[in-house]
Amino acid sequence: MRLSLSCGGKTRATHRWAIGLIALCLVLGNPGSPVAAGPQGQLTWGVHISLAPTWLDPAETPGIITPFMMMYALHDAMVKPMPGQPLAPSLAESWSVSEDALIYEFVVRQGVRFHNGEPVTAADVKFSFERYRGAARAVLRERVAAVETPDPQRVRFRLKQPWPDFLTFYASATGAGWIVPKRYVEKIGDEGYKKAPIGAGPYKFVSFTPGVELVFEAFEQYWRKTPSVKRLVFKVIPDEATRLAALTRGEVDIAYSIRGELAEQLVRTPGLTLKPAGGQGMFWLYFPEQWNPKSPWHDQRVRQAASLAVDRQTINQALTLGHSLLTGNIVPDSFEFYAELPVPPHDPAKAKRLLAEAGYPNGFDAGNYYCDASYANLGEAVINDLQGVGIRVKLRPLERAAFFTAYAEKSLKNIIQGASGAFGNAATRLEAFVVKGGTYVYGNYAEIDALFDQQAVDLNPERRTATLHKMQQLVHARAIYAPIWQLGFLNGVGPRVGESGLGLIRRYAYSAPYEDVTLKAK
(Lines give C-alpha, C1' and ligand atoms only; values in the text may rest on other atoms or scores of the structure.)
Protein backbone atom coordinates (compact mmCIF):
# COMPACT_ATOMS: atom_id res chain seq x y z
CA MET A 1 0.00 0.00 0.00
CA ARG A 2 1.35 3.48 -0.94
CA LEU A 3 0.26 6.64 0.84
CA SER A 4 1.57 9.95 -0.50
CA LEU A 5 1.62 12.90 1.91
CA SER A 6 3.03 16.37 1.45
CA CYS A 7 4.26 17.69 4.82
CA GLY A 8 6.31 20.77 3.93
CA GLY A 9 5.46 23.71 6.18
CA LYS A 10 2.70 21.82 8.03
CA THR A 11 1.92 22.37 11.69
CA ARG A 12 2.49 19.81 14.40
CA ALA A 13 -1.29 19.11 14.46
CA THR A 14 -1.20 18.30 10.74
CA HIS A 15 1.64 15.84 11.33
CA ARG A 16 -0.41 14.12 14.03
CA TRP A 17 -3.37 13.90 11.65
CA ALA A 18 -1.20 12.31 8.95
CA ILE A 19 0.27 9.76 11.36
CA GLY A 20 -3.22 8.86 12.53
CA LEU A 21 -4.39 8.39 8.94
CA ILE A 22 -1.45 6.11 8.19
CA ALA A 23 -2.23 4.00 11.27
CA LEU A 24 -5.90 3.71 10.27
CA CYS A 25 -4.98 2.62 6.76
CA LEU A 26 -2.59 0.02 8.08
CA VAL A 27 -5.29 -1.43 10.37
CA LEU A 28 -7.88 -1.55 7.62
CA GLY A 29 -5.38 -3.05 5.21
CA ASN A 30 -4.29 -5.79 7.62
CA PRO A 31 -6.28 -9.01 6.96
CA GLY A 32 -5.53 -10.23 10.47
CA SER A 33 -7.11 -7.27 12.22
CA PRO A 34 -10.46 -7.73 14.04
CA VAL A 35 -12.08 -5.03 11.91
CA ALA A 36 -11.58 -7.04 8.70
CA ALA A 37 -12.12 -10.51 10.13
CA GLY A 38 -15.80 -11.14 9.30
CA PRO A 39 -17.34 -14.62 9.51
CA GLN A 40 -14.74 -17.38 9.77
CA GLY A 41 -14.57 -21.17 9.61
CA GLN A 42 -17.13 -23.92 9.18
CA LEU A 43 -19.50 -25.78 11.49
CA THR A 44 -20.85 -29.16 10.40
CA TRP A 45 -23.94 -30.93 11.71
CA GLY A 46 -24.63 -34.63 11.40
CA VAL A 47 -28.42 -34.73 10.96
CA HIS A 48 -30.55 -37.75 11.72
CA ILE A 49 -32.97 -37.47 8.80
CA SER A 50 -32.88 -37.10 5.04
CA LEU A 51 -33.44 -33.42 4.26
CA ALA A 52 -36.20 -32.60 1.79
CA PRO A 53 -36.37 -29.69 -0.71
CA THR A 54 -39.90 -28.84 0.44
CA TRP A 55 -38.49 -27.68 3.79
CA LEU A 56 -36.56 -24.88 2.06
CA ASP A 57 -39.85 -23.14 1.20
CA PRO A 58 -41.80 -21.63 4.14
CA ALA A 59 -45.01 -21.87 2.10
CA GLU A 60 -45.05 -25.64 2.60
CA THR A 61 -44.35 -25.81 6.36
CA PRO A 62 -46.24 -28.97 7.42
CA GLY A 63 -46.96 -28.42 11.12
CA ILE A 64 -43.80 -30.10 12.41
CA ILE A 65 -40.58 -28.55 13.67
CA THR A 66 -38.12 -30.03 11.13
CA PRO A 67 -38.31 -27.29 8.44
CA PHE A 68 -37.30 -24.69 11.02
CA MET A 69 -33.87 -26.36 11.14
CA MET A 70 -33.30 -24.76 7.72
CA MET A 71 -35.63 -21.78 7.97
CA TYR A 72 -33.74 -20.21 10.88
CA ALA A 73 -30.67 -20.10 8.62
CA LEU A 74 -32.08 -19.23 5.20
CA HIS A 75 -35.17 -17.19 6.03
CA ASP A 76 -36.53 -14.63 8.43
CA ALA A 77 -40.02 -14.02 9.77
CA MET A 78 -42.01 -10.95 10.67
CA VAL A 79 -42.13 -12.24 14.24
CA LYS A 80 -40.61 -15.47 15.52
CA PRO A 81 -39.48 -17.34 18.66
CA MET A 82 -36.04 -16.19 19.80
CA PRO A 83 -33.93 -16.49 22.95
CA GLY A 84 -35.92 -15.11 25.85
CA GLN A 85 -38.84 -14.10 23.62
CA PRO A 86 -41.58 -16.44 22.36
CA LEU A 87 -42.60 -13.76 19.83
CA ALA A 88 -39.68 -11.50 18.97
CA PRO A 89 -39.88 -8.61 16.46
CA SER A 90 -37.79 -9.58 13.46
CA LEU A 91 -38.59 -8.37 9.96
CA ALA A 92 -41.40 -6.49 11.67
CA GLU A 93 -39.83 -3.87 13.89
CA SER A 94 -43.21 -3.39 15.60
CA TRP A 95 -46.89 -4.21 15.37
CA SER A 96 -50.16 -2.96 16.82
CA VAL A 97 -53.69 -4.25 17.33
CA SER A 98 -56.84 -2.15 16.93
CA GLU A 99 -59.18 -1.64 19.87
CA ASP A 100 -61.80 -3.91 18.30
CA ALA A 101 -59.10 -6.62 17.77
CA LEU A 102 -59.94 -6.81 14.06
CA ILE A 103 -56.78 -5.22 12.63
CA TYR A 104 -53.14 -6.24 13.10
CA GLU A 105 -50.72 -3.76 11.56
CA PHE A 106 -47.01 -4.52 11.15
CA VAL A 107 -44.21 -2.06 10.37
CA VAL A 108 -41.55 -3.65 8.16
CA ARG A 109 -38.02 -3.02 9.41
CA GLN A 110 -36.21 -0.36 7.40
CA GLY A 111 -33.13 -1.29 5.35
CA VAL A 112 -33.57 -5.08 5.46
CA ARG A 113 -32.72 -6.91 2.24
CA PHE A 114 -33.02 -10.35 0.74
CA HIS A 115 -29.86 -12.19 -0.26
CA ASN A 116 -30.21 -10.94 -3.85
CA GLY A 117 -30.13 -7.32 -2.68
CA GLU A 118 -33.84 -6.59 -3.07
CA PRO A 119 -35.46 -4.77 -0.12
CA VAL A 120 -38.01 -6.57 2.05
CA THR A 121 -41.32 -4.75 1.59
CA ALA A 122 -44.96 -5.04 2.58
CA ALA A 123 -45.66 -6.53 -0.85
CA ASP A 124 -43.38 -9.48 -0.01
CA VAL A 125 -45.21 -9.97 3.29
CA LYS A 126 -48.60 -10.01 1.59
CA PHE A 127 -47.34 -12.33 -1.16
CA SER A 128 -45.81 -14.78 1.36
CA PHE A 129 -49.08 -15.01 3.28
CA GLU A 130 -51.22 -15.47 0.19
CA ARG A 131 -49.04 -18.22 -1.31
CA TYR A 132 -48.84 -20.12 2.00
CA ARG A 133 -50.24 -23.66 1.64
CA GLY A 134 -48.90 -25.44 4.72
CA ALA A 135 -50.44 -26.47 8.04
CA ALA A 136 -53.43 -24.40 9.27
CA ARG A 137 -53.81 -22.81 5.83
CA ALA A 138 -57.60 -23.26 5.94
CA VAL A 139 -57.90 -21.64 9.35
CA LEU A 140 -55.85 -18.62 8.28
CA ARG A 141 -57.89 -18.22 5.08
CA GLU A 142 -61.20 -18.55 6.93
CA ARG A 143 -60.40 -15.93 9.55
CA VAL A 144 -58.40 -13.30 7.64
CA ALA A 145 -60.66 -11.06 5.55
CA ALA A 146 -57.94 -9.11 3.74
CA VAL A 147 -54.24 -8.24 3.67
CA GLU A 148 -53.54 -4.60 2.82
CA THR A 149 -50.31 -2.74 2.05
CA PRO A 150 -50.95 0.99 2.59
CA ASP A 151 -47.27 1.72 1.91
CA PRO A 152 -44.04 -0.27 1.32
CA GLN A 153 -43.26 -0.46 5.05
CA ARG A 154 -46.69 -1.29 6.44
CA VAL A 155 -48.89 -4.35 6.11
CA ARG A 156 -52.34 -4.67 7.61
CA PHE A 157 -54.25 -7.87 8.35
CA ARG A 158 -58.02 -7.44 8.65
CA LEU A 159 -59.81 -10.24 10.50
CA LYS A 160 -63.42 -11.27 9.93
CA GLN A 161 -63.96 -11.40 13.69
CA PRO A 162 -61.73 -11.12 16.76
CA TRP A 163 -59.26 -14.00 16.87
CA PRO A 164 -56.99 -14.02 19.92
CA ASP A 165 -54.70 -16.64 18.36
CA PHE A 166 -53.97 -14.81 15.13
CA LEU A 167 -50.41 -13.93 16.09
CA THR A 168 -49.71 -17.44 17.43
CA PHE A 169 -50.85 -19.05 14.17
CA TYR A 170 -49.17 -16.44 11.96
CA ALA A 171 -45.87 -15.98 13.79
CA SER A 172 -45.29 -19.24 15.63
CA ALA A 173 -47.22 -22.35 14.65
CA THR A 174 -46.99 -21.99 10.84
CA GLY A 175 -44.67 -20.72 8.13
CA ALA A 176 -47.12 -18.05 6.94
CA GLY A 177 -45.11 -15.24 8.52
CA TRP A 178 -41.73 -16.29 7.05
CA ILE A 179 -41.05 -13.98 4.13
CA VAL A 180 -39.86 -14.78 0.61
CA PRO A 181 -39.06 -12.32 -2.23
CA LYS A 182 -42.16 -11.82 -4.39
CA ARG A 183 -40.47 -10.81 -7.64
CA TYR A 184 -37.90 -13.60 -7.47
CA VAL A 185 -40.43 -16.35 -6.71
CA GLU A 186 -42.76 -15.15 -9.45
CA LYS A 187 -39.85 -15.19 -11.89
CA ILE A 188 -38.41 -18.60 -10.99
CA GLY A 189 -41.60 -20.47 -9.97
CA ASP A 190 -42.31 -22.66 -6.94
CA GLU A 191 -40.27 -25.64 -8.10
CA GLY A 192 -37.41 -23.46 -9.22
CA TYR A 193 -37.45 -21.72 -5.86
CA LYS A 194 -36.80 -24.99 -4.01
CA LYS A 195 -33.71 -25.53 -6.17
CA ALA A 196 -32.31 -22.02 -5.69
CA PRO A 197 -34.02 -20.42 -2.69
CA ILE A 198 -33.37 -16.84 -1.63
CA GLY A 199 -34.37 -15.58 1.79
CA ALA A 200 -33.67 -12.77 4.24
CA GLY A 201 -32.06 -14.87 6.96
CA PRO A 202 -28.51 -14.85 8.36
CA TYR A 203 -27.26 -17.45 5.84
CA LYS A 204 -27.43 -17.74 2.05
CA PHE A 205 -28.12 -20.94 0.16
CA VAL A 206 -25.00 -22.44 -1.49
CA SER A 207 -25.86 -25.99 -2.52
CA PHE A 208 -28.08 -28.95 -1.75
CA THR A 209 -27.35 -32.55 -2.67
CA PRO A 210 -30.42 -34.58 -1.63
CA GLY A 211 -29.51 -37.40 0.69
CA VAL A 212 -25.99 -36.03 1.17
CA GLU A 213 -25.64 -32.46 2.42
CA LEU A 214 -26.99 -28.92 2.53
CA VAL A 215 -24.59 -25.93 2.59
CA PHE A 216 -25.17 -22.32 3.66
CA GLU A 217 -22.82 -19.32 3.71
CA ALA A 218 -22.99 -16.27 5.98
CA PHE A 219 -24.99 -13.25 4.80
CA GLU A 220 -22.87 -10.47 6.23
CA GLN A 221 -25.57 -7.82 5.77
CA TYR A 222 -28.05 -9.61 8.03
CA TRP A 223 -29.87 -6.92 10.01
CA ARG A 224 -29.60 -8.44 13.52
CA LYS A 225 -25.87 -9.17 13.49
CA THR A 226 -23.17 -10.51 11.21
CA PRO A 227 -22.87 -14.28 11.73
CA SER A 228 -19.68 -15.50 13.39
CA VAL A 229 -19.29 -18.69 11.36
CA LYS A 230 -18.68 -18.43 7.61
CA ARG A 231 -20.15 -21.74 6.44
CA LEU A 232 -22.78 -24.14 7.81
CA VAL A 233 -22.90 -27.70 6.49
CA PHE A 234 -25.66 -30.19 7.28
CA LYS A 235 -24.57 -33.74 6.47
CA VAL A 236 -27.26 -36.40 6.19
CA ILE A 237 -26.21 -39.37 8.36
CA PRO A 238 -29.31 -41.47 9.11
CA ASP A 239 -27.45 -44.21 10.99
CA GLU A 240 -26.97 -43.28 14.64
CA ALA A 241 -23.69 -45.17 15.18
CA THR A 242 -22.24 -43.60 12.03
CA ARG A 243 -23.23 -40.14 13.28
CA LEU A 244 -21.45 -40.73 16.58
CA ALA A 245 -18.37 -42.07 14.77
CA ALA A 246 -18.30 -38.94 12.58
CA LEU A 247 -18.50 -36.76 15.69
CA THR A 248 -15.72 -38.72 17.39
CA ARG A 249 -13.44 -38.36 14.34
CA GLY A 250 -14.18 -34.64 14.05
CA GLU A 251 -15.96 -34.99 10.70
CA VAL A 252 -18.99 -33.25 12.20
CA ASP A 253 -19.14 -30.79 15.08
CA ILE A 254 -22.70 -31.42 16.27
CA ALA A 255 -24.55 -34.73 15.95
CA TYR A 256 -28.32 -34.75 16.39
CA SER A 257 -30.20 -37.57 18.13
CA ILE A 258 -27.70 -39.84 19.87
CA ARG A 259 -29.60 -42.25 22.13
CA GLY A 260 -29.36 -45.24 24.41
CA GLU A 261 -26.02 -47.04 24.67
CA LEU A 262 -24.52 -44.69 22.08
CA ALA A 263 -25.40 -41.70 24.29
CA GLU A 264 -23.68 -43.42 27.22
CA GLN A 265 -20.63 -44.00 25.00
CA LEU A 266 -20.64 -40.33 24.02
CA VAL A 267 -20.60 -39.27 27.67
CA ARG A 268 -17.50 -41.43 28.23
CA THR A 269 -15.63 -40.02 25.20
CA PRO A 270 -13.09 -37.27 26.03
CA GLY A 271 -13.75 -34.00 24.22
CA LEU A 272 -17.41 -34.75 23.47
CA THR A 273 -20.40 -33.34 25.35
CA LEU A 274 -23.93 -34.74 25.60
CA LYS A 275 -26.34 -31.86 25.14
CA PRO A 276 -30.02 -32.67 25.84
CA ALA A 277 -32.53 -30.27 24.32
CA GLY A 278 -35.74 -30.31 26.34
CA GLY A 279 -37.98 -29.74 23.37
CA GLN A 280 -41.70 -29.56 22.73
CA GLY A 281 -41.66 -32.69 20.57
CA MET A 282 -44.65 -34.80 21.59
CA PHE A 283 -44.85 -38.45 20.50
CA TRP A 284 -47.99 -40.56 20.46
CA LEU A 285 -49.86 -43.48 18.98
CA TYR A 286 -52.77 -42.50 16.76
CA PHE A 287 -55.55 -44.88 15.78
CA PRO A 288 -56.89 -43.55 12.45
CA GLU A 289 -59.51 -46.30 12.11
CA GLN A 290 -61.28 -45.52 15.40
CA TRP A 291 -64.16 -43.99 13.41
CA ASN A 292 -64.70 -47.22 11.44
CA PRO A 293 -67.32 -49.38 13.23
CA LYS A 294 -65.79 -52.53 11.71
CA SER A 295 -62.33 -51.87 13.14
CA PRO A 296 -61.16 -53.15 16.54
CA TRP A 297 -59.91 -49.60 17.17
CA HIS A 298 -63.50 -48.33 17.13
CA ASP A 299 -63.83 -49.74 20.65
CA GLN A 300 -62.41 -47.27 23.17
CA ARG A 301 -61.33 -50.17 25.40
CA VAL A 302 -58.97 -51.42 22.68
CA ARG A 303 -57.34 -48.00 22.39
CA GLN A 304 -57.01 -47.82 26.17
CA ALA A 305 -55.47 -51.30 26.20
CA ALA A 306 -52.81 -50.23 23.72
CA SER A 307 -51.93 -47.26 25.90
CA LEU A 308 -51.71 -49.38 29.06
CA ALA A 309 -49.43 -51.86 27.29
CA VAL A 310 -46.65 -49.31 26.74
CA ASP A 311 -43.90 -49.25 29.40
CA ARG A 312 -43.02 -45.58 28.97
CA GLN A 313 -40.64 -45.37 31.90
CA THR A 314 -38.46 -48.27 30.73
CA ILE A 315 -38.37 -46.97 27.14
CA ASN A 316 -37.50 -43.47 28.38
CA GLN A 317 -34.58 -44.75 30.41
CA ALA A 318 -33.32 -47.05 27.66
CA LEU A 319 -33.49 -44.58 24.75
CA THR A 320 -33.22 -41.07 26.20
CA LEU A 321 -31.50 -41.85 29.53
CA GLY A 322 -34.56 -40.57 31.41
CA HIS A 323 -34.48 -37.11 29.79
CA SER A 324 -37.94 -37.39 28.18
CA LEU A 325 -41.00 -36.20 30.09
CA LEU A 326 -43.79 -38.75 30.47
CA THR A 327 -47.18 -37.21 29.83
CA GLY A 328 -50.84 -37.95 29.25
CA ASN A 329 -51.23 -35.16 26.70
CA ILE A 330 -50.27 -34.43 23.08
CA VAL A 331 -49.83 -30.76 24.05
CA PRO A 332 -46.39 -29.78 25.48
CA ASP A 333 -46.24 -28.60 29.07
CA SER A 334 -44.65 -25.31 27.94
CA PHE A 335 -47.63 -24.32 25.78
CA GLU A 336 -50.16 -21.73 26.83
CA PHE A 337 -53.47 -23.38 27.83
CA TYR A 338 -51.74 -26.72 28.57
CA ALA A 339 -53.80 -29.05 30.78
CA GLU A 340 -51.94 -31.48 33.03
CA LEU A 341 -53.38 -34.96 32.54
CA PRO A 342 -52.49 -38.26 34.23
CA VAL A 343 -49.72 -40.31 32.66
CA PRO A 344 -51.15 -43.68 31.58
CA PRO A 345 -49.67 -46.40 33.81
CA HIS A 346 -47.96 -49.50 32.51
CA ASP A 347 -50.57 -52.16 33.28
CA PRO A 348 -50.42 -55.12 30.86
CA ALA A 349 -52.84 -57.16 33.00
CA LYS A 350 -55.55 -54.52 32.72
CA ALA A 351 -54.77 -54.14 29.02
CA LYS A 352 -55.43 -57.86 28.46
CA ARG A 353 -58.63 -57.63 30.50
CA LEU A 354 -59.91 -54.70 28.40
CA LEU A 355 -59.10 -56.57 25.20
CA ALA A 356 -61.04 -59.60 26.45
CA GLU A 357 -64.02 -57.41 27.37
CA ALA A 358 -63.91 -55.92 23.86
CA GLY A 359 -64.07 -59.42 22.33
CA TYR A 360 -60.36 -60.08 21.77
CA PRO A 361 -59.28 -62.50 24.53
CA ASN A 362 -56.40 -63.73 22.35
CA GLY A 363 -55.51 -60.32 20.99
CA PHE A 364 -55.69 -59.54 17.29
CA ASP A 365 -53.60 -58.84 14.20
CA ALA A 366 -53.50 -55.05 14.03
CA GLY A 367 -51.73 -54.63 10.69
CA ASN A 368 -49.00 -52.05 10.20
CA TYR A 369 -47.30 -49.66 12.58
CA TYR A 370 -46.15 -46.60 10.63
CA CYS A 371 -43.43 -44.29 11.90
CA ASP A 372 -40.76 -41.79 10.96
CA ALA A 373 -37.69 -43.94 10.23
CA SER A 374 -35.49 -41.86 12.54
CA TYR A 375 -37.62 -43.09 15.45
CA ALA A 376 -37.91 -46.71 14.40
CA ASN A 377 -36.10 -47.73 17.59
CA LEU A 378 -38.93 -46.19 19.61
CA GLY A 379 -41.39 -48.05 17.39
CA GLU A 380 -39.61 -51.34 18.01
CA ALA A 381 -39.83 -50.87 21.77
CA VAL A 382 -43.54 -49.96 21.65
CA ILE A 383 -44.34 -52.88 19.33
CA ASN A 384 -42.66 -55.25 21.74
CA ASP A 385 -44.98 -54.01 24.51
CA LEU A 386 -48.07 -54.19 22.30
CA GLN A 387 -47.30 -57.77 21.31
CA GLY A 388 -46.92 -58.59 25.00
CA VAL A 389 -50.68 -58.04 25.44
CA GLY A 390 -51.67 -59.60 22.11
CA ILE A 391 -51.76 -56.63 19.73
CA ARG A 392 -49.67 -57.90 16.82
CA VAL A 393 -48.30 -55.33 14.36
CA LYS A 394 -45.54 -54.97 11.76
CA LEU A 395 -43.15 -52.03 11.76
CA ARG A 396 -43.32 -49.85 8.64
CA PRO A 397 -40.76 -47.02 8.90
CA LEU A 398 -40.74 -44.25 6.27
CA GLU A 399 -38.32 -41.39 5.59
CA ARG A 400 -39.54 -38.30 7.44
CA ALA A 401 -40.75 -36.27 4.47
CA ALA A 402 -42.57 -39.27 2.99
CA PHE A 403 -44.02 -40.22 6.37
CA PHE A 404 -45.54 -36.81 7.09
CA THR A 405 -46.79 -36.47 3.52
CA ALA A 406 -48.61 -39.81 3.81
CA TYR A 407 -49.85 -38.89 7.28
CA ALA A 408 -51.28 -35.60 5.97
CA GLU A 409 -52.79 -37.26 2.89
CA LYS A 410 -54.67 -39.67 5.19
CA SER A 411 -53.17 -42.72 3.48
CA LEU A 412 -51.83 -44.48 6.60
CA LYS A 413 -53.85 -47.10 8.47
CA ASN A 414 -53.84 -49.27 11.60
CA ILE A 415 -51.41 -47.49 13.97
CA ILE A 416 -49.46 -44.28 13.40
CA GLN A 417 -46.57 -43.30 15.65
CA GLY A 418 -47.03 -39.57 15.23
CA ALA A 419 -45.15 -36.59 16.56
CA SER A 420 -44.89 -32.82 16.42
CA GLY A 421 -42.44 -30.36 17.90
CA ALA A 422 -43.98 -27.31 16.20
CA PHE A 423 -44.29 -24.00 18.02
CA GLY A 424 -47.68 -22.72 19.11
CA ASN A 425 -50.13 -23.19 21.95
CA ALA A 426 -52.78 -25.74 22.91
CA ALA A 427 -55.20 -24.39 20.31
CA THR A 428 -52.72 -24.69 17.43
CA ARG A 429 -51.80 -28.25 18.43
CA LEU A 430 -55.45 -29.30 18.71
CA GLU A 431 -56.29 -27.63 15.39
CA ALA A 432 -53.64 -29.65 13.55
CA PHE A 433 -54.22 -33.03 15.21
CA VAL A 434 -57.74 -33.21 16.69
CA VAL A 435 -60.24 -30.79 15.14
CA LYS A 436 -62.12 -31.48 11.91
CA GLY A 437 -60.14 -30.29 8.89
CA GLY A 438 -56.77 -30.41 10.67
CA THR A 439 -53.74 -31.42 8.62
CA TYR A 440 -53.32 -34.76 10.43
CA VAL A 441 -56.94 -35.43 11.47
CA TYR A 442 -58.53 -38.63 10.12
CA GLY A 443 -61.83 -38.27 11.98
CA ASN A 444 -63.47 -35.99 14.47
CA TYR A 445 -65.83 -35.68 17.39
CA ALA A 446 -68.54 -33.01 17.12
CA GLU A 447 -68.36 -32.01 20.79
CA ILE A 448 -64.65 -31.24 20.55
CA ASP A 449 -65.11 -29.34 17.27
CA ALA A 450 -67.82 -27.17 18.82
CA LEU A 451 -65.57 -26.32 21.77
CA PHE A 452 -62.76 -25.36 19.41
CA ASP A 453 -64.99 -22.94 17.49
CA GLN A 454 -66.21 -21.51 20.80
CA GLN A 455 -62.76 -20.78 22.20
CA ALA A 456 -61.38 -19.40 18.93
CA VAL A 457 -63.38 -16.16 19.25
CA ASP A 458 -63.51 -15.93 23.05
CA LEU A 459 -61.59 -12.87 24.30
CA ASN A 460 -62.01 -13.85 27.96
CA PRO A 461 -58.72 -15.58 28.97
CA GLU A 462 -60.14 -17.51 31.94
CA ARG A 463 -63.12 -18.84 30.02
CA ARG A 464 -60.95 -19.70 27.05
CA THR A 465 -58.47 -21.58 29.25
CA ALA A 466 -61.32 -23.63 30.72
CA THR A 467 -62.61 -24.51 27.25
CA LEU A 468 -59.22 -25.60 25.96
CA HIS A 469 -58.62 -27.64 29.13
CA LYS A 470 -61.95 -29.38 28.57
CA MET A 471 -60.95 -30.22 25.00
CA GLN A 472 -57.70 -31.82 26.16
CA GLN A 473 -59.57 -33.77 28.83
CA LEU A 474 -61.98 -35.11 26.20
CA VAL A 475 -59.09 -36.18 23.95
CA HIS A 476 -57.67 -38.06 26.93
CA ALA A 477 -61.00 -39.57 28.05
CA ARG A 478 -61.88 -40.82 24.57
CA ALA A 479 -58.37 -42.27 24.10
CA ILE A 480 -58.11 -40.62 20.68
CA TYR A 481 -54.35 -40.83 21.20
CA ALA A 482 -52.01 -42.83 23.38
CA PRO A 483 -49.34 -40.26 24.35
CA ILE A 484 -45.81 -41.66 24.69
CA TRP A 485 -43.61 -38.81 25.85
CA GLN A 486 -42.37 -35.26 25.45
CA LEU A 487 -39.03 -36.01 23.85
CA GLY A 488 -35.75 -35.29 25.57
CA PHE A 489 -33.70 -34.76 22.40
CA LEU A 490 -30.11 -35.91 22.98
CA ASN A 491 -27.28 -34.46 20.90
CA GLY A 492 -23.49 -34.65 20.80
CA VAL A 493 -21.26 -31.57 20.64
CA GLY A 494 -17.59 -31.71 19.60
CA PRO A 495 -14.57 -29.82 20.95
CA ARG A 496 -14.41 -27.08 18.27
CA VAL A 497 -17.83 -25.66 19.14
CA GLY A 498 -18.07 -22.48 21.18
CA GLU A 499 -21.84 -21.87 21.18
CA SER A 500 -23.89 -24.74 19.75
CA GLY A 501 -27.18 -22.84 19.73
CA LEU A 502 -28.87 -25.82 21.40
CA GLY A 503 -31.30 -24.65 24.04
CA LEU A 504 -30.99 -20.92 23.27
CA ILE A 505 -34.61 -20.81 22.09
CA ARG A 506 -36.80 -22.29 24.81
CA ARG A 507 -38.07 -25.79 24.05
CA TYR A 508 -36.66 -25.72 20.50
CA ALA A 509 -34.86 -28.95 19.59
CA TYR A 510 -32.23 -27.74 17.13
CA SER A 511 -29.42 -25.17 16.99
CA ALA A 512 -30.63 -21.56 16.63
CA PRO A 513 -30.35 -18.69 16.09
CA TYR A 514 -27.53 -19.53 13.70
CA GLU A 515 -26.08 -16.03 13.81
CA ASP A 516 -25.33 -16.71 17.51
CA VAL A 517 -23.50 -20.00 16.88
CA THR A 518 -19.71 -19.81 17.30
CA LEU A 519 -16.48 -21.75 17.03
CA LYS A 520 -14.05 -21.75 19.94
CA ALA A 521 -11.24 -19.25 19.62
CA LYS A 522 -7.98 -20.89 18.56
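Our subject is the structure that appears above.
The model shown is predicted, which means the values in this text are computed figures rather than measured ones.

Enquirer: So what exactly am I meant to see when it comes to the environment of K394 here?
Expert: On the secondary structure map, K394 appears in strand β14 (residues 391-398). Residues K394 and N368, spaced 26 residues apart in sequence, show a C-alpha to C-alpha distance of 4.8 Å. If sequence neighbours within four positions are ignored, K394 has contacts with G367, N368, Y369 and I383.

Enquirer: I tried to follow the packing of helix α11 (residues 300-309) against helix α13 (residues 348-357) on my own but got confused; where do I start?
Expert: Helix-helix packing: each pair is described by the crossing angle between the helix axes and the interaxial distance. Two elements in contact, α11 and α13, have axes whose closest approach is 8 Å; the angle formed by their N-to-C orientations is 160 degrees. In terms of orientation, α11 and α13 fall into the roughly antiparallel class. Crossing of α11 over α13 shows left-handed handedness. Touching R301, V302, Q304, A305, L308 and A309 of α11 are P348, K350, A351, L354, L355 and E357, all from α13.

Enquirer: Sorry if this is basic, but what is going on with the pattern of salt bridges here?
Expert: Working definition: two side chains of opposite charge can pair if their charged atoms are close together. Under the criterion given, the structure shown has 32 salt bridges. Residue E60 pairs with R133 through a salt bridge whose shortest N-O separation is 3.0 Å. Here E60 is found in the loop between β1 (40-47) and α3 (68-74), whereas its partner R133 is found in the loop between α4 (122-131) and α5 (137-143), with 73 residues between them in sequence. The class for E60 is buried, based on a relative accessible area of 18%. Between R224 and E515 there is a salt bridge, and its shortest N-O distance comes to 2.8 Å. With R224 in the loop between β9 (213-218) and β10 (229-236) and E515 in the loop between β17 (497-499) and β18 (518-519), the pair connects residues that are 291 residues apart, well separated along the chain. With relative accessibility at 32%, the residue R224 sits in the partly exposed group. Relative accessible area serves as the criterion here: at 2%, E515 is assigned to the buried category. Through salt bridges with shared partners, a single network forms among D57, E60, R131, R133, D190, E191 and K194.

Rules of the game
Residues numbered from 1 in each chain as written. Predicted model: local features only at pLDDT ≥ 70, side-chain atom pairs only at ≥ 80, totals over all residues. Heavy atoms only, no water. Helix = DSSP H or I, 4+ residues; strand = E, 2+ residues; numbered from the N terminus. Contact = heavy atoms within 4.5 Å. Axes fitted to C-alpha atoms, helices over the stretch in contact; angles between N-to-C directions. Parallel < 35°, antiparallel > 145°, perpendicular 65-115°, else oblique. Left-handed = near helix turned anticlockwise from the far one by under 90°. Salt bridge = Lys/Arg side-chain N within 4 Å of Asp/Glu carboxyl O. Buried < 20%, exposed > 50% of the residue type's maximum accessible area, 1.4 Å probe, protein only.

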